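Single-letter residue listing:
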Amino acid sequence: QVQLVESGGGLVQAGGSLRLSCAASGSILSINVMDWYRQAPGQQRELVAQISSVGITNYADSVKGRFTISRDNAKNTMYLQMNSLKPEDTAVYYCHVQRAYVDYWGQGTQVTVSS
């Protein structure tokens with residue numbers, strides 16, 4: 001079992017920054033890929049960024065150059081640094097991992113970007 005808790009969301013003006021955190025209940029050393037997803041109202045959940053256990057990253061085209069994903073295995077925590085935020089980044093952001101073919105999701109944190 002893995003429990004994930006996101007934090008760091010909030011309301012920010014366009015052009016601003018936020019840093020999301022995802023704290024895992026146990027060690028994330030055995031978890032290869034960790035992801036951030038987001039879901040806007042009326043839209044499907046979409047992959048934002050992912051990071052492997054050795055630090056290889058992948059980003060959605062819409063956030064490349066603005067968002068940075070990272071992980072601290074010693075703290076069992078993953079981060080998403082979001083800069084130059086746009087109104088279209090408004091969504092609930094979820095962290096996700098898969099362990100032994102089971103998907104685990106956090107409860108989500110709301111990010112709202114005003115124009």
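Residues numbered from 1 in each chain as written. Predicted model: local features only at pLDDT ≥ 70, side-chain atom pairs only at ≥ 80, totals over all residues. Heavy atoms only, no water.

Novice: Quick question: what am I supposed to make of the packing of aromatic side chains here?
Specialist: If you walk through the whole model with that rule in mind, you get two aromatic pairs. A centroid spacing of 5.0 Å and a plane angle of 65° characterise the contact between tyrosine 37 and tryptophan 105, whose relative ring orientation is edge-to-face. Taken together, the residues tyrosine 37 in strand β4 (residues 34-39) and tryptophan 105 in strand β10 (residues 102-105) connect sequence positions 68 residues apart. Considering the side-chain rings of tyrosine 94 and tryptophan 105, the 6.5 Å spacing of their centres and the 90° angle between planes classify their relative orientation as edge-to-face. Note that tyrosine 94 is positioned in strand β9 (residues 91-99) and tryptophan 105 in strand β10, a separation of eleven residues in sequence. (Phe/Tyr/Trp six-rings, centres within 6.5 Å; stacked < 30°, edge-to-face > 60°. Helix = DSSP H or I, 4+ residues; strand = E, 2+ residues; numbered from the N terminus.)

Novice: Honestly, unusual backbone geometry in this entry has me stumped. Any pointers?
Specialist: If a residue is not glycine, its phi is most likely negative; likewise, a peptide bond is most likely trans. Of note, the phi angle at asparagine 76 is positive, near 55°, even though the residue is not glycine. With respect to the helices and strands, asparagine 76 occurs in the loop between β7 (67-72) and β8 (77-82). Overall, asparagine 76 belongs to the buried group, its relative accessible area being 19%. (Buried < 20%, exposed > 50% of the residue type's maximum accessible area, 1.4 Å probe, protein only.)

Novice: I would appreciate a short explanation of the state of the cysteines in the present structure.
Specialist: Linking two cysteines covalently through their sulfur atoms gives a disulfide. Evaluated as defined, the whole model comprises one disulfide. The disulfide bridge from cysteine 22 ends at cysteine 95, spanning 2.2 Å between sulfur atoms. Disulfide cysteine 22-cysteine 95: torsion about the S-S bond near 65°, hence right-handed. Of this pair, cysteine 22 sits in strand β3 (residues 18-24) while cysteine 95 sits in strand β9; the two residues are 73 residues apart in sequence, bridging distant segments of the chain. For cysteine 22, a relative accessible area of 0% corresponds to the buried category. (Disulfide = S-S within 2.5 Å.)

Novice: Explanation requested: the pattern of salt bridges in the structure shown.
Specialist: Proximity of charged atoms lets side chains of opposite charge pair with each other. What the rule picks out here adds up to four salt bridges. For the salt bridge of aspartate 89 with arginine 38, the shortest nitrogen-to-oxygen distance reads 3.0 Å. On the criterion of sequence distance, the pair formed by aspartate 89 in the loop between β8 and β9 and arginine 38 in strand β4 is long-range, its members being 51 residues apart. The same class applies to aspartate 89 as to arginine 38, namely buried. Among the salt bridges present, the one from aspartate 61 reaches lysine 64, with a minimum N-O distance of 3.1 Å. Take aspartate 61 and lysine 64: they sit in the same class, and that class is exposed. Taken together, the salt bridges that share partners define one network made up of Arg38, Glu46, Arg66 and Asp89. (Salt bridge = Lys/Arg side-chain N within 4 Å of Asp/Glu carboxyl O.)

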